[in-house]
Amino acid sequence: MIDIRKYLNKFNSKLIAEGVLRSVLVAGTVAFTAMIITAIALLIASVNMIWISPIVGVVVWVLCTIVAYFAKYKPTMTSMAERIDLLGLEERVITMLELENNDSYIAKRQREDAIREIEKVNSSKIKIVLSKGIVICTSVLLLISVCLITVSGLYLNGTIKVPPPIIENEKNLYMDISYNASKGGVVIGKVNQSIKRGGETEQVEAIAAEGFIFIKWTDDNLSNKRSESNVIVAMDIVALFMNLEDGSISIDKDNIEDEKPENPPPAIGGQPGSGGQYENFDQVIDGTIDYKDVLEEFYQKYKKDIEEGRYVSEEARRIIELYFGAIE
Amino acid sequence: MTNEQMINEFGEITNKIFGEIARDVIGQKSVVENIVIAMIAGGNVLLEGVPGVGKTRLVRSLSRVFTLPFSRIQFTPDLMPADVTGTSMIVKDSKGNSVFEFQKGPIFSNIVLADEINRATPKTQSALLEAMQEHTVTVLGLSRKLSQPFFVLATQNPIEQDGTYPLPEAQMDRFMFKLLVENPNADELFEIVKLTQKSMSESALGVCDKEKLLQMRATASEIPIADDVLKYAINVCLATHSDSECAASISKKYVRVGASPRSAQSIVSAAKVKALMSGRFNVSYDDINQLAYPVLRHRIKMNFEAIADRITTDDIIRKIIIEVEKKIRGN
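From a predicted model like this one, the values you see are computed outputs, not experimental measurements.

Rules behind the numbers
- Residue indices begin from 1 for each chain and proceed along its sequence in written order.
- Following the order in which they are written, the chains are lettered starting with A and the ligands numbered starting with 1.
- For a predicted model such as this one, the threshold for reporting local features is a pLDDT of at least 70, and the threshold for listing and counting side-chain atom pairs is 80 or more; totals across whole chains, interfaces and linings nevertheless cover every residue.
- Side-chain figures throughout are based on the complete set of non-hydrogen atoms in the structure, without hydrogens or water.
- In what follows, salt bridge is the name for a side-chain nitrogen of Lys or Arg lying within 4 Å of a carboxyl oxygen of Asp or Glu.
- Strands here mean DSSP runs of E at least two residues long; helices mean DSSP runs of H or I at least four residues long; both are numbered from the N terminus.
- Buried residues are those whose accessible area, probed at 1.4 Å on protein chains only, stays under 20% of the maximum for their type, while exposed residues exceed 50% and partly exposed ones sit between those limits.
- Two residues form a contact once any of their heavy atoms are found within 4.5 Å.
- Two strands pair if DSSP finds at least two bridges between them.
- Each residue carries a pLDDT score, the predictor's confidence in it, ranging from 0 to 100.
- Accessible surface is computed with a 1.4 Å probe, and the buried area is the amount of it that two parts give up when combined, taken over both parts together.
- For this classification, the nonpolar set comprises Ala, Val, Leu, Ile, Met, Phe, Trp, Tyr, Cys and Pro, the charged set comprises Asp, Glu, Lys and Arg, and every other residue, Gly included, is treated as polar.

1. Side note on the pattern of salt bridges
Working step 1: Inspection of the entire model under this criterion finds 22 salt bridges over all chains.
Working step 2: Here A:Asp113 makes a salt bridge to A:Arg116, at a shortest N to O gap of 3.3 Å. Of the two residues, A:Asp113 and A:Arg116 are both situated in helix H6 (residues 105-120); the distance of 3 residues between them amounts to about one turn of the helix.
Working step 3: Judged by relative accessible area, which is 2%, A:Asp113 ranks as buried.
Working step 4: By sharing partners, the salt bridges in this structure join A:Glu90, A:Arg92, A:Asp113, A:Arg116, B:Arg280 and B:Asp287 into a single network.

2. Regarding the side chain of B:Asn34
Working step 1: Inspection of the secondary structure assignment puts B:Asn34 in helix H2 (residues 29-41).
Working step 2: Discounting residues that sit within four places of it in the chain, B:Asn34 has contacts with B:Phe177, B:Leu179, B:Leu291 and B:Pro294.

3. Some points on the pairing of strand S3 (residues 86-92) of chain B
Working step 1: When S3(B) meets strand S4 (residues 98-104) of chain B, the two strands line up antiparallel, connected through 7 bridges. Bridge pairing links B:Val91 to B:Val99 in S4(B).

4. Topic: the confidence of the model for chain A
Fine structural detail should not be taken from predicted coordinates in areas where pLDDT scores are low.
Residue and element names in this part refer to chain A.
Working step 1: Looking at chain A, the pLDDT average stands at 78 and 77% of residues meet or exceed 70.
Working step 2: Averaged over each element, pLDDT in chain A is lowest for helix H8 (residues 253-259) (40) and highest for helix H3 (residues 52-73) (93).
Working step 3: Between residues 248-262, whose pLDDT stays under 50, and residues either more than four places distant or in other chains, the model counts 14 contacts.
Working step 4: Taken as a whole, residues 274-285 scores under 50 in pLDDT and shows 24 contacts with residues more than four places along the chain or in a different chain.

5. A closer look at the interface of chain A and chain B
Working step 1: In this assembly, 14 residues from chain A lie in contact with 22 residues from chain B.
Working step 2: Taking both sides of the interface into account, the surface hidden between chain A and chain B amounts to around 1,500 Å²; carbon and sulfur atoms contribute 58%.
Working step 3: Per-residue buried area on chain A facing chain B is highest for A:Glu91, A:Tyr105 and A:Ile106; these three make up 39% of the total on that side.
Working step 4: Between chain A and chain B we count 1 salt bridge in total.
Working step 5: A salt bridge links B:Arg280 to A:Glu90; the nearest nitrogen and oxygen atoms lie 3.2 Å apart.
Working step 6: Counting residues per element, the side of chain A that touches chain B draws most heavily on H6(A), which supplies 5 residues.
Working step 7: A class-by-class count of the residues in the side of chain A that touches chain B yields 5 nonpolar, 2 polar and 7 charged.

Dropping the structure here:
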């Protein structure tokens, strides 16, 4: 009996390659889908382990390729015969396979005829045929999965930050920012500002008056100069100053010098109230007391104390000497 | 001649047959080929064509090539069944007694040309039914066998329909093929006119006798057909049924009655002959596709929508083949 399989062997390698390629492509669609699902799950759970996704993909890909090849795409003798017949052999090969164990004269003639035709066919005529649909599907899924994994990885890493959502009707909202000073100092700069949502404020500076020192702002900001960025709520901030009269707080002179505004308030001894260029000093600090009045009151109190021979602390005496000149 | 010799010489004999017929009939190669296939496979043929395209000449030529007795019946509305089958007549025997003796009608021949079959009444048309299928004729309760091979070749005119009786489905189904005889082209007509100016009589020589024809039929029936190809043929036939699970989409829309199981038998028997004629020892999908047209075109009954949309049975068969190929073969 003739071993008809040996005549089909020359087509074997190409059909096996085709089977493997088809399995790889089909498994690819499953694997890339698995990668996408894993990446989405990690993203939702905010688990910064995006490397799991490609690993899952590779494992699924390998397993599915093996399963697909052996379950569906491994070339059988029948499938090989069908493919060879498509080369113009007019179903000679598939019939020959069916008549493999038939010894009749006509079966013998059929076999001879089929073998003669097979020998005429060059194995290179068999082309690897892949479905366009599956190639496109796999490519698209690959692209989506790679993009999704990259973006997810960067997001979970913190490289990409998602800006807070801006509600459409709030885009043009303006926020009122107000800087006020408590007793003992002033805030210079634009103290009332109306800022577009998400915008920045102009810088302001808290300056302590004589006998006071800047402590902090009511929002615990310790810097006397400040500006706000990314304003999303209205603010009403007050600069806090400490009275130095009780002497409990040491005053760093240099700091005061450093923090002095370009145009310091006029020293007592000059002409109080004449400093027209210090517009801000004339503002009402707490709504009731004028800074000019405070200085005047302070001046009159210590002048009277000294004249009447009352005790004036060393600290107060030093400040008076420093700011008001010799009283005696 | 042994079976092995016949297998080896089959192609040669058929080539000789075609060569001889070509001496009398110019062109019509496809019709001649299909008639020869039907004769070898043991089927009857319905020829549809306008008058004067050489139908009768073809049949006469066939009878010469196969050296078979030939009879012609011109079907007319007043033709009676007894005119076809024959009848018992009272005759005097050798002793002078009156006895009934059966006088054979023209159907008792090997090749019968039923010319313009649709002009006879259904009663007369039905006289052919038994002969075409069982190859017997029953008259007055007595069945008589027809000599083998028996072959009916009927003709009908597709244009003149006045005073005709369309063949019933049962009769149509008994024709293995319905062949459309087209008008010859210019070159063929040139040859025809040239040939018939010399002589109107047929000149084909006998190259195949009765015994050889029957042996060819037996040999062809042994040609193997792969299960896949057989399933394909069955699917093509079943796809003509609008209510079948294999129905093609065009059948659901346009077909009232699909092809009978006899169509599947016919297509496979004919495909085996065609394969052997082509020098192959197996049936191919192409054999089935090519023979689907003559086998199915008279077995499909279309609905009104198909007629209104001017859809022909050949259009339906073409689409069925495309759909079944895609479904079964995946291309």
